[in-house]
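Spelled out, the chains give:
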Amino acid sequence: MRAIELLSPAKNAAIGIEAIKHGADAVYIGPPSFGARAAAGNSIADIARLCDYAHLFNAKVYVTLNTIIYDDELVEVEKLIHALYAARVDALIIQDLGILRMQIPPIALHASTQMDITSVEKARFLAGVGLSQLVLARELSLETIREIHTQVDSPLEAFVHGALCVSYSGRCYASQACFNRSANRGKCAQLCRFAFDLLTDKGQVLEKQKHLLSMKDLNRSQSIEDMIEAGISSFKIEGRLKDMDYVKNVTAYYRRQIDGVIRKNKDRYYRSSFGDTTLSFEPAVERSFNRSFTNFFLYKRENVANIISPKSMGAYIGTIEQVNNRYISLKTDIEIQPGDGLCFVNAQEELEGFRVNRVNDRLIFPTSMPKIARGTKIYRNLDYTFVHTLKKPTAERKIALNLTFQPSKEGFTLSAEDAITNVKMTLIYVKEAAKQSQESNILRQLSKLGGTPFYVEKASIDGNWFIPSSQLSEWRRQLIEKLMKAHLDDHQRPPRGLENQQLCYPKQHLDFTANIANHLAKAFYTSHGVTTMDDAFEVKQPQQAVLMTCKHCIRYTLHQCLKDKNVNRDNWFLRSSDGKIFPLVFDCKHCEMQVLSPKD
C-alpha cells in the first residue's frame, strides 16, 4: 500500500497549525534564512512549536532550505541545518546539492521544484544520491509522471493548487537580470506579472499593455485520482505567502478530494497522518484568491495565461441584465452580500472592480457606480461573508481513543489506545464501592477532553466505584499528558537516503542553469562524473542568456502558433513599461518559448 500526503504551505507557525487542523498531512515552512520566499522566514523556536503540534497527529514538517548558497554562507547553512534537526524537523527541501557535502545530521532531504525535474534520467539520479522525495516540475504531463514513477522508488510530489511560475522553476533569471533580485535566492520581483507590449521586428504593435507572461492559477482538484494512479504520493498546495483564510479553505477542500479517492481504494492507498477533522464551513476553492484556473498541461496543451490581469478574478457569478445611474441588476443564482467585491473586464480590456454597498433582491448598489454595459460577465473576487467566516475558528482535528478503566490490586488502571500509540497508568488508590451507580459519572469525567487533540470513541468502565470528580479529572489530565508525550516520543522521522557514490550525472557539462554557486556543489557534481561546469547566473551573468524557458507560449495564447497556416511569422519581442526589449524564441520542436535577455 502507498501513503498519500496532502502538503500545505505555512507562512508562519500559526498558519501551519491551522493547515494541520484543516486536514494537512504535512506542511512546509521557511527557515530564518535561505528559503525561496525571503519574506516568509520563521524562527527556530516557531518551527519547533509547529513540529510539536504536527507530530501529535504523525503529520510532518518540511523546511524550505531551497536557495542556492554562496561560498561565504556554507558554514552558516550547516549550523542552521543542525538547529533545524534539533527542532525535530522531518525533512529539508533543497535546491543546492552542495548540502550533500556538508557535515550535517541524518535529516531527510527532498528535491525542491527549483531543481527542475522534467526527465526520468534526472529523477533517477536525484533519487540515487539520497533525495527521498522529488518535487516534479509543474509542466509535466500525466504520461511523463507515470514514466518517472515506473523508474524511481522515491515518493513523487506534485503541485496541485495555487500560483504558477511562467518559467520552469529554477530556470528563471529575469528578476536577477533586471532588478538584481534572484528568484533562486528567494527574492523574485515577479516580472511575469508585469504588463508588456508585444512587438514585431517590423515595428508593429500586436498587443499593448497586456500581462502576456501572467499565468492563471493551478487547480487539479478534479484530477487527484488520475495523479495518484500515475504515481503522485504527495499533493502540494502552493502559497507560503498566502494568508490563513486561503490556507484553511484550500487545505480543507483538497482533504475531501483526496479522502474520496482513498475511500474508493482502501486496499491500495492510505492517509499518511491521523486524526479526524470537523469543519464549521463548506470549503470551496473558487471562493478564495484565484486568477481563474488551469490544469497546466496535465492532459494536453491549453491556454494557461490570464493576459487581462494578474489580480484575483474569483468565480464567475452571472451577467448584467440592467444598468442605471445608481444600481445594476445581476442575473445570478449566487447570493450577493454587502461588502462583496465584484469585478469585470471593461471596454479597455482591463479588470475593473467595485464593492457592493447594499443589495435589494437582484439590484446591486455599488459604493461607486462603474461604467458597465448590459451582458457584461461579473466575477466575485471578494466573498465578504465567506472570508469573515474563515477569520473565526473553523476546524477541530481529533484522534479517537479507546479508554479502559478497571480495578487492580493497587487500586485502578487507566489506559488509552489510539491509532498511533497506547499508554497505561497504574493508580494507587483505596477502592470504595459506590452505593449508587457511578459508571456514567466516571465515564463523563474521563471523557472531558475538550482543548486536547483527542476524543473518546469507545470506553470500558469496569465496576461501580465512588471516586471524587476532582480525582477523576486529575487522572484524566495525567493520562492525556502521558499520551501526548508518547505521541511525540514515538514519532519516527523519515531516514536520510543513501548516496550512491558510483552514480553518474546524466550530463558531463553543466551550463549556468544548473545553478552552481559554491565549491561544495562543484565537488558534488565532479564526484558524479561532471567534467566541466559554468557558474550560476548570479555568480557570473552570461551575455544574451535565456532568462525564461516556458511551456506557456504567447503565440498559442493569441492563436498564432507557427505550426498553423496564415499566421504572423515575424520575430516577436516583449517591451516592458521601462522600455526594455526582450526577444522571444519559439522552439516548436519542444513546444516551448524562451524569453531572452533584453536588447541593449
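Residues numbered from 1 in each chain as written. Predicted model: local features only at pLDDT ≥ 70, side-chain atom pairs only at ≥ 80, totals over all residues. Heavy atoms only, no water.

An unreviewed UniProt entry lists the chain under the name Bacteriochlorophyll 4-vinyl reductase, from Alloprevotella tannerae ATCC 51259.

Trainee: How do you make sense of the overall build of the chain when you look at a structure like this?
Mentor: Of regular secondary structure, the chain possesses 13 helices and 30 strands. Taken over the C-alpha trace, the chain has a radius of gyration of 28 Å; the compact-globule value for 600 residues is 25 Å, and the two agree within 12%. In terms of its C-alpha atoms, the chain occupies a principal-axis envelope of roughly 100 × 75 × 40 Å. Considering the chain as a whole, with its 600 residues, one finds that 55% of them fall into the buried category. With the model as given, the accessible surface of the chain reaches about 26500 Å², and the carbon-plus-sulfur share is 48%. Averaging the locations of the 77 positively and 67 negatively charged side chains of the chain gives two centres separated by 3 Å. (Helix = DSSP H or I, 4+ residues; strand = E, 2+ residues; numbered from the N terminus. Rg over C-alpha atoms; globule rule 2.2 N^0.38 Å. Buried < 20%, exposed > 50% of the residue type's maximum accessible area, 1.4 Å probe, protein only. Areas by Shrake-Rupley, 256 points an atom, 1.4 Å probe, with all protein chains shown as cover. Lys, Arg positive; Asp, Glu negative; His and termini not counted. Charge placed at Lys NZ, Arg CZ, Asp CG, Glu CD.)

Trainee: Help me out: how do you make sense of the environment of Lys482 in this one?
Mentor: The residue Lys482 is located in helix H11 (residues 469-490) in this model. As a C-alpha pair, Lys482 and Phe34 span 448 residues in sequence and 37 Å in three-dimensional space. Once residues within four sequence positions are removed from consideration, Lys482 is found in contact with Val423, Lys424 and Met425. (Contact = heavy atoms within 4.5 Å.)

Trainee: What should I look at first to understand helix H10 (residues 439-446) in this one?
Mentor: Owing to its 3.6 residues per turn, the α-helix brings residues three or four apart onto one side. Restricting attention to buried positions, one finds in H10 the residues Asn441, Ile442, Gln445 and Leu446. Each buried residue of H10 lies within a common arc of 125° when the element is viewed along its axis, so the set occupies one face. Where the residues of H10 are buried, they touch strand E21 (395-407), strand E22 (411-417), strand E24 (454-461) and H11. (Arc of directions from axis to C-beta.)

Trainee: Mind showing me how you'd approach unusual backbone geometry here?
Mentor: Glycine aside, the phi torsion of most residues is negative, and most peptide linkages are trans. Backbone geometry places Arg88, a non-glycine residue, at a positive phi of 75°. Mapping Arg88 onto the fold places it in the loop between helix H3 (74-86) and strand E4 (91-94). Note on Arg88: relative accessible area 26%, which makes it partly exposed.

Trainee: Please explain the nonpolar core as it appears in this structure.
Mentor: Soluble globular proteins: nonpolar side chains tend toward being buried together. Among the nonpolar cores identified, the biggest contains 108 residues, and Leu92 and Leu131 are the most heavily contacted of them. The element that contributes the greatest number of residues to this core is helix H8 (residues 244-264), accounting for eight residues. When residues are assigned to domains, this core turns out to be shared by domain 1 (2-164 + 216-273 + 281-287) and domain 3 (398-490), each giving three or more. Apart from residues no more than four positions distant in its own chain, Leu131 is found in contact with Ile94, Leu97, Leu100, Leu109, Ala111, Met115, Leu126 and Ser154. (Core = buried A, V, L, I, M, F, W, Y, C linked by side-chain atoms within 4.5 Å. Domains from an automatic or database assignment.)

Trainee: So what exactly am I meant to see when it comes to the sheet that holds strand E18 (residues 351-360) here?
Mentor: Strand pairs in the sheet, formed through backbone hydrogen bonds, run parallel or antiparallel to each other. Taken together, the six strands give a closed barrel; going around it, the order is E15-E16-E19-E18-E17-E20, and neighbouring strands pair in antiparallel fashion. Recorded for the sheet is a direction-independent mean angle of 50° between the axes of neighbouring strands. Sheet topology places strand E17 (residues 341-345) next to strand E20 (residues 377-382); three bridges connect them, and they run antiparallel. Looking at the pairing, Cys343 lines up with Tyr379 of E20. (Pairing = 2+ DSSP bridges. Axes fitted to C-alpha atoms, helices over the stretch in contact; angles between N-to-C directions.)

Trainee: Would you mind going over the environment of Phe179 with me for this structure?
Mentor: Relative to the helices and strands, Phe179 resides in helix H6 (residues 174-179). Counting along the chain gives 129 residues from Phe179 to Leu50, while the straight-line C-alpha distance between them is 35 Å. Beyond its immediate stretch of four places on either side in the chain, Phe179 contacts Ala189, Leu191 and Phe194.

Trainee: I keep staring at the sheet that holds strand E27 (residues 546-550) and nothing clicks. Help me out?
Mentor: Within the open sheet, the six strands sit side by side as E9-E8-E28-E29-E30-E27. Their pairing is antiparallel. Looking at the sheet topology across the chains shown, the edges are occupied by strand E9 (205-210) and E27. In this sheet, neighbouring strand axes are inclined to one another by 25° on average, regardless of whether the strands run parallel or antiparallel. Here three bridges tie strand E8 (residues 196-200) to E9, and the two strands are oriented antiparallel to one another. For Leu199, the partnering residue across the bridge sits in E9 and is Val205.

Trainee: What is the right way to read the pattern of salt bridges from this model?
Mentor: Oppositely charged side chains can pair when the atoms bearing their charge come close. Using the criterion set out here, one finds 29 salt bridges in the structure. In this structure, the salt-bridge partner of Glu499 is Arg101, at a minimum N-O distance of 2.8 Å. Here Arg101 lies in the loop between E4 and strand E5 (108-111) and Glu499 lies in the loop between H11 and strand E25 (509-510), a separation of 398 residues in the sequence. Relative accessible area serves as the criterion here: at 24%, Arg101 is assigned to the partly exposed category. For Asp383, the salt bridge goes to Arg287, with nearest N and O atoms at 2.6 Å. Placement of Asp383 in the loop between E20 and helix H9 (384-390) and of Arg287 in the loop between strand E13 (276-279) and strand E14 (293-294) is noted, with a sequence separation of 96 residues between them. A relative accessible area of 4% means that Asp383 is categorised as buried. (Salt bridge = Lys/Arg side-chain N within 4 Å of Asp/Glu carboxyl O.)

Trainee: Help me understand the pairing of E20, please; the structure alone is not making it clear to me.
Mentor: Looking down a regular strand, the side chains alternate between one sheet face and the other. Here strand E15 (residues 315-323) pairs with E20 via four bridges, running antiparallel. Counterpart to Ala315 in the pairing with E20 is Arg380.

Trainee: What exactly am I supposed to notice about the packing of aromatic side chains here?
Mentor: Aromatic rings in a pair are described by how distant their centres are and how their planes are angled relative to each other. Here the structure, examined in full by the defined rule, presents 23 aromatic pairs. Measuring from centroid to centroid gives 6.1 Å for Phe281 and Phe386, while their planes differ by 65°, and the two rings are edge-to-face. One end of the pair, Phe281, is in the loop between E13 and E14; the other, Phe386, is in helix H9, and 105 residues separate them in sequence. Phe386 shares its class with Phe281; the two are buried. With a centroid separation of 5.4 Å and 55° between ring planes, the pair formed by Tyr327 and Phe365 is classed as tilted. (Phe/Tyr/Trp six-rings, centres within 6.5 Å; stacked < 30°, edge-to-face > 60°.)

Trainee: Would you explain the domain arrangement of the chain in this entry?
Mentor: Interfaces are often sized by the amount of accessible area the parts lose when they come together. Domain assignment breaks the chain into domain 1 (2-164 + 216-273 + 281-287), domain 2 (311-391) and domain 3 (398-490). A straight line from the C-alpha centre of domain 1 to that of domain 3 covers 37 Å. Contact residues are listed per partner, giving six residues for domain 1 and seven residues for domain 3. For the pair domain 1 and domain 3, the summed buried surface comes to about 580 Å²; carbon and sulfur atoms form 71% of the total. Taken together, the connections running from domain 1 to domain 3 amount to zero salt bridges. In the side of domain 1 that touches domain 3, the residues fall into two nonpolar, two polar and two charged. (Buried area = accessible area lost by both parts, 1.4 Å probe. Nonpolar A, V, L, I, M, F, W, Y, C, P; charged D, E, K, R; others polar.)

Trainee: What is the right way to look at the side chain of Asp96 in this model?
Mentor: Mapped onto the elements, Asp96 comes out in the loop between E4 and E5. Within the buried core, Asp96 has no salt-bridge partner, and the shortest N-O distance to an opposite charge, that of Arg185, equals 7.3 Å. Apart from the residues within four sequence positions on either side, Asp96 is in contact with Thr67, Ile68, Ile69, Asn518 and Ala521.

Trainee: I keep staring at the environment of Glu432 and nothing clicks. Help me out?
Mentor: Mapped onto the elements, Glu432 comes out in the loop between strand E23 (422-428) and H10. Taking relative accessible area as the criterion, Glu432 reaches 45% and is therefore assigned partly exposed. As a C-alpha pair, Glu432 and Leu218 span 214 residues in sequence and 64 Å in three-dimensional space. In this structure Glu432 touches Trp465 and Phe466, once residues within four positions along its chain are discounted.

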